[in-house]
Amino acid sequence: MARRYGRRIQLNLRQDPALIAGVMLEVEGEVIDGSMRGRLQRLAGALAHGN
């Protein structure tokens, strides 16, 4: 993350059992969702829209 944003990043960690597995990051308003919940939501959306 430091390379991506060009500076040191201070982490604030908290656990969210609703994520099921994986990680969700928010940096400067940008959300990077690598959680299983996020993947399942994207899959459901793709199936609903026929993609």
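Below you will find a few notes about this structure. (Residues numbered from 1 in each chain as written. Predicted model: local features only at pLDDT ≥ 70, side-chain atom pairs only at ≥ 80, totals over all residues. Heavy atoms only, no water.)

What about the overall build of the protein?
Then step 1. The helix and strand tally for the protein stands at two helices and two strands.
Then step 2. Going from N to C terminus, the protein has its helices and strands arranged as α-β-β-α.
Then step 3. On C-alpha atoms alone, the protein measures out to a radius of gyration of 14 Å, which is more than a quarter above the 10 Å that the 2.2 N^0.38 rule sets for 51 residues.
Then step 4. Seen through its principal axes, the protein has C-alpha atoms that stretch 40 × 25 × 15 Å.
Then step 5. Across the 51 residues in the protein, those meeting the buried criterion constitute 10%.
Then step 6. Accessible surface, the protein as shown: approximately 4,700 Å² in total, 53% of it carbon and sulfur. (Helix = DSSP H or I, 4+ residues; strand = E, 2+ residues; numbered from the N terminus. Rg over C-alpha atoms; globule rule 2.2 N^0.38 Å. Buried < 20%, exposed > 50% of the residue type's maximum accessible area, 1.4 Å probe, protein only. Areas by Shrake-Rupley, 256 points an atom, 1.4 Å probe, with all protein chains shown as cover.)

Overview of the environment of His-49
Then step 1. Examined against the element boundaries, His-49 turns out to sit in the segment after helix H2 (36-48).
Then step 2. Among the polar contacts listed, one links the side chain of His-49 to the backbone oxygen of Gly-45, at a separation of 2.7 Å. (Polar contact = N/O pair within 3.5 Å; in protein donor to acceptor, adjacent residues only side chain to side chain.)

Focus on unusual backbone geometry
Then step 1. Of note in this structure, Glu-28 is not a glycine but carries a positive phi near 50°.
Then step 2. Considering the arrangement of structural elements, one finds Glu-28 in the loop between strand E1 (24-27) and strand E2 (30-33).
Then step 3. On the basis of relative accessible area, Glu-28 is assigned to the exposed category, the value being 60%.

A word on H2
Then step 1. Its 13 residues place the ends of H2 18 Å apart at the C-alpha level, agreeing with the 18 Å of an ideal helix rising 1.5 Å per residue.
Then step 2. The positive-phi residue at the C-terminal boundary of H2 is Gly-50, with phi of around 70°. (Expected span 1.5 Å × (residues − 1).)

Re the pattern of salt bridges
Then step 1. Tallied over the full model, the rule gives two salt bridges.
Then step 2. Between Glu-30 and Arg-4 there is a salt bridge, with the nearest N and O atoms lying 2.7 Å from each other. With Glu-30 in strand E2 and Arg-4 in helix H1 (residues 2-5), the pair connects residues that are 26 residues apart, well separated along the chain. (Salt bridge = Lys/Arg side-chain N within 4 Å of Asp/Glu carboxyl O.)

Quick look at a nonpolar patch on the surface
Then step 1. Nonpolar side chains collect at one region of the surface, where Ile-20, Met-36, Leu-40, Leu-43 and Leu-47 lie side by side and expose about 510 Å² of accessible area between them.
Then step 2. Take Leu-47: it is sitting in helix H2. (Patch = residues over 30% accessible without salt bridge, like charges linked within 9 Å, V, L, I, M, F, W, Y side chains within 5 Å.)

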